Amino acid sequence: MSNPDPMPGYPSYGQAPGEPRRYQRNQGAARRTALAIQTVADIAAGFLCLWILLHLLGANEGNVFVEFVHGAADLLAWWSQDIFTMDTEALRVLLNYGLPALLYVLVGHGIAVRLSRV
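Note that this is a predicted model, so its numbers are computed, not measured.

Now for the nonpolar core. Membership of the largest hydrophobic core is limited to 12 residues, which are Ala-45, Leu-48, Trp-51, Ile-52, Leu-54, Val-66, Val-69, Ala-73, Ala-77, Val-93, Tyr-97 and Ala-101. Those elements that place two or more of their residues in this core are α1 (21-56), α2 (64-76) and α3 (89-116). The element that contributes the greatest number of residues to this core is α1, accounting for five residues. Contacts of Ala-73, omitting those with residues within four sequence positions, involve Phe-47, Leu-48, Trp-51 and Tyr-97.

Here α3 contains 28 residues, and its C-alpha end-to-end distance of 40 Å stays within 8% of the 40 Å for a straight helix at 1.5 Å per residue. The sharpest bend along α3 measures roughly 25 degrees and falls at Gly-98, with the proline Pro-100 sitting one to four residues further on. When we look at burial in α3, the residues that qualify are Arg-92, Val-93, Asn-96, Tyr-97, Pro-100, Ala-101, Gly-108 and Ala-112.

What follows concerns a nonpolar patch on the surface. Residues Trp-78, Trp-79, Ile-83, Leu-102, Leu-103, Leu-106, Val-107 and Ile-111 make up a contiguous nonpolar surface patch of roughly 800 Å² in combined accessible area. The exposure class of Trp-79 is partly exposed, given its relative accessible area of 35%.

Over its 13 residues, α2 runs 18 Å from end to end, which matches the ideal 18 Å to within 8%, given 1.5 Å per residue. Within α2 the residues assigned to the buried category are Val-66, Val-69, Ala-72 and Ala-73. For α2, the buried positions fall inside an angular range of 130 degrees around the axis, keeping them on one side. Facing away from the buried surface of α2 by more than 90 degrees, the exposed residues are Val-64 and Leu-75. By the N-cap criterion, in which a side-chain oxygen at the helix start approaches the backbone nitrogen of a residue two or three places on, α2 is capped by Asn-63, the distance to Phe-65 being 2.7 Å.

Rules of the game
Residues numbered from 1 in each chain as written. Predicted model: local features only at pLDDT ≥ 70, side-chain atom pairs only at ≥ 80, totals over all residues. Heavy atoms only, no water. Core = buried A, V, L, I, M, F, W, Y, C linked by side-chain atoms within 4.5 Å. Buried < 20%, exposed > 50% of the residue type's maximum accessible area, 1.4 Å probe, protein only. Helix = DSSP H or I, 4+ residues; strand = E, 2+ residues; numbered from the N terminus. Contact = heavy atoms within 4.5 Å. Expected span 1.5 Å × (residues − 1). Bend = angle between axes of the 7 residues up to and from the residue. Patch = residues over 30% accessible without salt bridge, like charges linked within 9 Å, V, L, I, M, F, W, Y side chains within 5 Å. Areas by Shrake-Rupley, 256 points an atom, 1.4 Å probe, with all protein chains shown as cover. Salt bridge = Lys/Arg side-chain N within 4 Å of Asp/Glu carboxyl O. Arc of directions from axis to C-beta. Polar contact = N/O pair within 3.5 Å; in protein donor to acceptor, adjacent residues only side chain to side chain.

This is the structure we're talking about:
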């Protein structure tokens with residue numbers, strides 16, 4: 001049994017006159033999905049950027065936290081490993097992990113914008 005409309009004849013808050021409620025629910029679901037995709041992309045880029053920062057600052061790679069971040073960054077950047085083979089280790093890490101971080105952000109936010117316009 002559905003709940004009766006509290007004010008029949010008037011649109012609910014945020015609902016345009018004549019707009020079916022079903023469309024509003026789908027729009028809300030699309031926005032939540034867009035936010036989830038955007039969040040996952042930001043977290044992935046965050047791990048990659050954190051690894052770049054830790055590496056450039058010379059963090060102890062024997063530390064458990066640094067090992068965890070490096071492992072997560074390797075999993076996220078598996079497809080871009082050794083695209084750039086520079087002589088300078090710092091520049092190599094910056095490019096090989098920075099490229100996927102940038103792509104994750106651009107693609108994730110692009111998909112999120114596209115979904116939120118539905």
